[in-house]
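Coordinates in review
The primary structure of each chain is shown beneath.
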Amino acid sequence: MGNKEGYSPLLETKRGKGRVLYRLFAASLFAAICLVWVYRASHIPKPGEDGRFGWIGLLGAELWFGFYWILTQSCRWNLTYRQTFKDRLSQRFENELPGVDIFVTTADPIIEPPMMVMNTVLSVMAYDYPTEKLSVYLSDDGGSELTYYALLEAAEFAKQWIPYCKKYSVEPRSPSAYFVSIDSDAVDRDDNKANDLAVIKKSYKDMETKVENAVKLGYISDEVRSQQKGFSQWDSHSSKRDHDTYLQVVIDGRDPNAIDVEGIALPTLVYLAREKRPQYHHNYKAGSMNALIRVSSNISNGKVILNVDCDMYSNNSMAIRDALCCLMDEEKGHEVAFVQFPQKFENLTKNELYIAFMRTISEVEMHALDGFTGPFYVGSGCFHRRDTLCGRKFTKGSKSDLKWEISRKREEATIHELEEDSKALANCSYEQNTEWGKEVGVKYGCAIEDVFTGLSIQCRGWKSVYLNPTRKAFLGVAPTTLLQMLVQQKRWSEGGLQILLSKNNPVLSDQISFGQKLGYAYVGSWSINFLPTLYYTVIPSLYLLKGISLFPRVSSPWIIPFAYVIIAKYTVSLLEFLWAGGSALGWWNDQRMWLYKRSSSYIFSFIDTMLYLLGYSDSAFVITAKTSDEDESQRYEKEIMEFGASSPLFTVLATLAVLNLYCFAGFVKEAISLGSQGIAEVYDTMALQILLCGILILINLPLYQALYIRKDKGKLPSSIALKSMAVGMQIGFSSCAAVILLAFLLSLQGAFSIRFVIDRDECFSHNVLYEGDTVHLSFVVIKVDASWHYTQDGVDLMVKGPSGEQIHEFRDKTSEKYEFVTRHKGIHQFCFTNKSPYHETIDFDIHVSHFTYYDQHAKDEHFNPLLEQISKLEEALYNIQFEQHWLEAQTERQAIVNEAMSRRAIHKAFFESAGLVGASVLQVYLLRRLFERKLGMSRV
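Since the model is a prediction, treat every value here as computed from it, not as a measurement. (Residues numbered from 1 in each chain as written. Predicted model: local features only at pLDDT ≥ 70, side-chain atom pairs only at ≥ 80, totals over all residues. Heavy atoms only, no water.)

**Digging into the overall build of the protein**
Along the protein, the regular secondary structure elements total 28 helices and 21 strands. Here the protein, with 940 residues, has 53% of them falling under the buried criterion. In the protein, once contacts between residues fewer than 6 apart in sequence are set aside, the share between residues at least 24 apart is 82%. Summed over its atoms, the accessible surface of the protein is roughly 43100 Å², and 57% of this surface lies on carbon and sulfur atoms. (Helix = DSSP H or I, 4+ residues; strand = E, 2+ residues; numbered from the N terminus. Buried < 20%, exposed > 50% of the residue type's maximum accessible area, 1.4 Å probe, protein only. Contact = heavy atoms within 4.5 Å. Areas by Shrake-Rupley, 256 points an atom, 1.4 Å probe, with all protein chains shown as cover.)

**Some details on the packing of aromatic side chains**
Inspection of the entire model under this criterion finds 43 aromatic pairs. Measuring from ring centre to ring centre gives 6.0 Å for Y354 and Y636, while their planes differ by 10°; the resulting arrangement is stacked. Of this pair, Y354 sits in the loop between β10 (344-345) and α12 (357-370) while Y636 sits in helix α22 (residues 630-637); the two residues are 282 residues apart in sequence, bridging distant segments of the chain. With relative accessibility at 1%, the residue Y354 sits in the buried group. Among the residues examined, Y636 registers a relative accessible area of 7% and is labelled buried. Between F832 and F844 the ring centres are 4.9 Å apart and the planes differ by 80°, which places this aromatic pair in the edge-to-face class. One end of the pair, F832, is in strand β20 (residues 826-833); the other, F844, is in strand β21 (residues 840-849), and 12 residues separate them in sequence. With respect to class, F832 is no different from F844; both count as buried. Aromatic rings pair up to connect Y39, W55, F65, Y536, F551, W558 and F562 into one cluster. R294 extends its terminal NZ or CZ atom over the ring of W436, reaching a point 4.8 Å from the ring centre. (Phe/Tyr/Trp six-rings, centres within 6.5 Å; stacked < 30°, edge-to-face > 60°. Lys NZ or Arg CZ within 6 Å of the ring centre and 35° of its normal.)

**Considerations on the nonpolar core**
Side chains that are nonpolar tend, in soluble globular proteins, to be buried together. Grouped together as the largest cluster of nonpolar side chains are 167 residues, with contacts concentrated most on Y127, W161, L482 and Y596. Sorting elements by how many residues they give to this core places helix α5 (residues 145-168) first, with 15 residues. Counting residues in hydrophobic clusters, the runner-up holds 27 residues, among them Y137, M289, L389 and L425. (Core = buried A, V, L, I, M, F, W, Y, C linked by side-chain atoms within 4.5 Å.)

**Some words on the confidence of the model for the protein**
The predicted model of the protein has a mean per-residue pLDDT of 84, with 83% of residues at 70 or higher. Counting contacts from residues 732-750, a segment whose pLDDT is below 50, to residues more than four positions away or on other chains yields 40 contacts. Scored below 50 in pLDDT, residues 852-860 makes 10 contacts in the model with residues more than four places away or belonging to other chains. (pLDDT = per-residue confidence, 0-100.)

**Notes on the packing of helix α21 (residues 584-613) against helix α23 (residues 648-672)**
Across the interface, α21 lies against α23 with an axial gap of 9 Å and an inter-helix angle of 140°. Considering their axes alone, α21 and α23 lie oblique with respect to each other. The element α21 and its partner α23 pack so that their crossing is right-handed. The residues of α23 that touch α21, namely those facing Y596, S599, S600, S601, I603 and F604, are P648, L649, V652, L653 and L656. Split by residue class, the contact of α21 with α23 holds 8 nonpolar, 3 polar and no charged. (Axes fitted to C-alpha atoms, helices over the stretch in contact; angles between N-to-C directions. Parallel < 35°, antiparallel > 145°, perpendicular 65-115°, else oblique. Left-handed = near helix turned anticlockwise from the far one by under 90°. Nonpolar A, V, L, I, M, F, W, Y, C, P; charged D, E, K, R; others polar.)

**Section: the side chain of S527**
Following the sequence through the fold, S527 ends up in the loop between α18 (514-524) and α19 (530-546). In this structure, S527 is in contact with S493, L497, Y602, S605 and F606, ignoring residues within four places of it in sequence.

**As for the state of the cysteines**
In total, this model carries 1 disulfide according to the counting rule given. What pairs with C763 in a disulfide is C831, and their sulfur atoms sit 2.2 Å apart. As the torsion about the S-S bond is roughly 115°, the C763-C831 disulfide counts as right-handed. Residue C763 is located in strand β15 (residues 761-768), and its partner C831 is located in strand β20; the two are separated by 68 residues in the primary sequence. Its relative accessible area of 14% is what places C831 among the buried residues. C693 carries a free sulfur, and the closest cysteine sulfur to it, the one in C663, is 6.2 Å from it. Residue class for C693 comes out buried when judged on its relative accessible area of 0%. (Disulfide = S-S within 2.5 Å.)

**Re the sheet that holds strand β17 (residues 795-800)**
Pairing in this open sheet of 4 strands is antiparallel, and the strands run β15-β20-β17-β18 from one edge to the other. Single-partner strands in this sheet number two, and they are β15 and β18 (806-813). Between one strand and the next, the sheet's axes are offset by a mean angle of 15°, whatever the strand orientation. Inspection of the sheet shows β17 paired to β18 by 5 bridges, in the antiparallel sense. What sits directly across from V799, in β18, is H808. (Pairing = 2+ DSSP bridges.)

**As for a nonpolar patch on the surface**
Among the surface-exposed residues, I566, I567, Y570, W594, L691 and I695 lie close enough to one another that they form a single nonpolar patch of about 510 Å² accessible area. At the level of secondary structure, the elements contributing two or more residues to the nonpolar patch comprise α20 (559-579) and α24 (675-699). It is α20 that provides the largest number of residues to the nonpolar patch, a total of 3 residues. Inspection of the secondary structure puts L691 in helix α24. (Patch = residues over 30% accessible without salt bridge, like charges linked within 9 Å, V, L, I, M, F, W, Y side chains within 5 Å. Salt bridge = Lys/Arg side-chain N within 4 Å of Asp/Glu carboxyl O.)

**Considering the packing of α23 against α24**
Contact geometry for α23 and α24: axes closest at 10 Å, N-to-C directions at 170°. Relative to α24, α23 is oriented roughly antiparallel. Mapping the contact onto sequence places N660, L661, F664, F667, A671 and I672 in α23 and G675, I679, V682, I690, C693, G694, L696 and I697 in α24. A per-class count over the contact of α23 with α24 returns 11 nonpolar, 3 polar and no charged.

**Re the sheet that holds β10**
Taken in spatial order, the 3 strands of this open sheet run β8-β13-β10, and their pairing is mixed. Two strands in the sheet have a free side with no partner beyond their single neighbour: β8 (313-314) and β10.

**Some thoughts on α12**
Taking 1.5 Å of rise per residue, the 14 residues of α12 would be expected to cover 20 Å, and the 19 Å separating its terminal C-alpha atoms lies within 8% of that figure. If you look at α12, its biggest bend is around 30°, right at V364. Buried residues dominate α12, accounting for 14 of its 14 residues. (Expected span 1.5 Å × (residues − 1). Bend = angle between axes of the 7 residues up to and from the residue.)

**Focus on unusual backbone geometry**
Cis geometry is found at the peptide bond from E171 to P172, where omega equals -5°. Here P172 is to be found in the loop between α5 and α6 (175-181). With a phi close to 50°, S169 is a non-glycine residue in the positive phi region. Mapped onto the secondary structure, S169 falls in the loop between α5 and α6. Of note in the backbone geometry, N283 takes a positive phi value of approximately 60° without being a glycine. Within the secondary structure, N283 sits in the loop between β6 (268-273) and α10 (284-299). A residue is classified by how much of its surface remains accessible, and N283, at 18% relative accessible area, is buried.

**Quick notes on the pattern of salt bridges**
With the rule as written, the count across this model stands at 41 salt bridges. Of the charged contacts in the structure, one is a salt bridge between K344 and E363, with a shortest N-O distance of 2.7 Å. Linking K344 in strand β10 with E363 in helix α12, this pair joins segments that are 19 residues apart in sequence. With its nearest N and O atoms 2.7 Å apart, the salt bridge here joins D684 to R553. One end of the pair, D684, is in helix α24; the other, R553, is in the loop between α19 and α20, with 131 residues separating them in the sequence. When salt bridges that share partners are traced, they join D242, D244, E275 and R277 into one network.

**Let's talk about the environment of H43**
Residue placement: H43 occurs in the loop between α1 (19-42) and α2 (52-72). Sequence separation between H43 and W55 is 12 residues, and the spatial gap between their C-alpha atoms is 8.7 Å. Aside from chain neighbours lying at most four places away, what touches H43 is W55 and W558. Within polar-contact distance, the side chain of H43 engages the backbone oxygen of Y39 at 3.0 Å. Within the structure, H43 has its side chain in polar contact with the side chain of S42 (distance 2.9 Å). (Polar contact = N/O pair within 3.5 Å; in protein donor to acceptor, adjacent residues only side chain to side chain.)

**Regarding the environment of I603**
Relative to the elements of secondary structure, I603 occurs in helix α21. Judged by relative accessible area, I603 falls into the buried class, the value being 3%. Each C-alpha atom of the pair I603 and V652 lies 9.5 Å from the other, and the pair is 49 residues apart in sequence.

The structure is reproduced here in structure tokens:
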């Protein structure tokens, strides 16, 4: 960025080094890809020759991979880096810095623990920024009084925490993260700091104990309720999905009494749980963000908005000033709509077991997109101009003033008036017949509403900036299980495809740059990769087993472009990963995740997107769990891959892994029987297929361990092992198409199991594909979340058919098994009701029995009967597992009940003993007094 005379920019832009060298490499790789296409197209076997259809399919897959590689170049072609000058910002604008509204969003106190949320809230309250210009909003979409109580306790602790942070320049400003990171030896050398640290640690521990005790109880005590009027908003009829708007300004920054222990004003702090009603769709996180935009505009109306996820705490207290350097730069700042910081994680293992691909995105791809007038908005760690979120278009020549202004309405209204006026803005019916979610606010109708919103802003002429300072601005919690990661990838890829196929297709927009178009096309086409990836992981292995070559001979000159593409592509990928700060083993994990998400998550995201676009299903938002049990955490720290659950995603992965293993074993067996000359000939003709199959087996080693070796809870369930073995048996006597079809059908097997915590009402749905299928279900109330509560009263379960008819009803059951034959195919609902005031943990299991070949007449007397027997064997084994699962849940419930009863018996015995001792002491005392009096009287 060039400097005008006397002008010092707040933001400097630098281009990445080695761009020319990389572009030369990319050109050579593209030439090799073209030669691969030429070879594939010119050597197609003639009709009737072996391998013709496999060859044509590989041509299609390689055409797609080549095209997709071209799309990825938009994320590498023009690396751009930004440097901010915060000292210049302070010199020019310190007294005119704008108000900043910070949104923290949470949705479930069970999988997003309140203490984790409060650490995020406290970290953003303690920013190095004028407190009178800082307002923090907590959106609690779970409407939980536990989260509200935790916020009240955090507000009290903030009176000590904020001055402590500023006094000692604390980093990071999340209390839990800070206490872990501090150097005890350095603190001990400073007596004052050591004393202050001891005090602040004790205060934090007291707050943590109060909050966690309330969470364990599952409710707020009457004593606490009586001390805070805000709890009166909750009533006995409220539930997570049906309640009024809960809104309270916990700290009013205007109040002269809202000060910390040093007498300095505190930032404004607001709690919001928007109204929810069953008849209104609440639009998940996008809906809560829009409610926050409206409510905050009425209370503080900061010109800059920062939104962070509840697990993404502030790791850099200067991040606001970094962002303002981009937004307030006199020359270019008026063009910038939002400033995106990278998503980084504090709980990554040494070699980034699941989330390694995020390193490449944050350290390479987003920097390149920044060179094409702006990165994506990724939903957290992003600073927005308020007016751009509210639909304002960019007009060349006009400059948006971000300087500080005091809202007259805020100054004149009382806090009660502000709360009452703002509640109406969070009503569930407020957005009806308005442009909210369409042209105003965060966009609706997409699984990744953040990227969709950022695209709409850029299409209105605005630019965006990517900032990646040395000290990361935010740190969050990464998925700690494979299933969490795959589900997250399913949502992201599903949303990307929805954007690509929507009427707002970025490729057709004339408002964004060509590089941005390629970037959005790259993200939007993630899920399309499933088909060529499946083809490349299945077909070459099957043809290897049959001895049919699909690649050039090693002795042929055509091997050169194939070899160059493979070696160059993966060598540069490794170097790129190492340059971004990763490890070699981390890169290998990245390749594994690349394969797993493409061959599982992307399949289901593609199908769900097609169904959504055709109107057969709705887009849903899945919250990624932020907690894990102790055993699971230990396996994660040791980098042992976590499977554990029974999921269609795992069924597909296991099937593909077993298929490749069986094919390779069968090939080796055949090759050995050929002798040394035969082996040499096979190597010459099949080298690339051997290499491909071998690499797939190496990548899948953790899957084989989970299937056949491991005994811990993180292994794959036996039902998945059985299904994958069935496919392995199928390889020996079926065609390629039958293997792929069987693998996919097995992945869609009607099985569903979950363990969940119920407050009042929870409903689940399951799609039964065929009329006449048998549905098996079981549930067990594992435990009641109350220390002194025990009852045999259970929960109610209502089973309803596709048209809403009642099939069966259970009342006050702690455990039950049931099966029924479906009269109609379609969505069946299973609704649980908990009438007790305590949270119940329930283990719920569903299995749908369907014999695919039961009513078909055999066309091949040796083929269909075998498939029928395999299906029946699988069903019989699953029924055994179903029964075992139910008994295990029953045993676990009984163990918890026994433990609780033992604990109560011990407590009772202790109190009885204490009572007896007390009574004995009292008797001794009274007898002594009696004898003393008698002795005195006798002396007289």
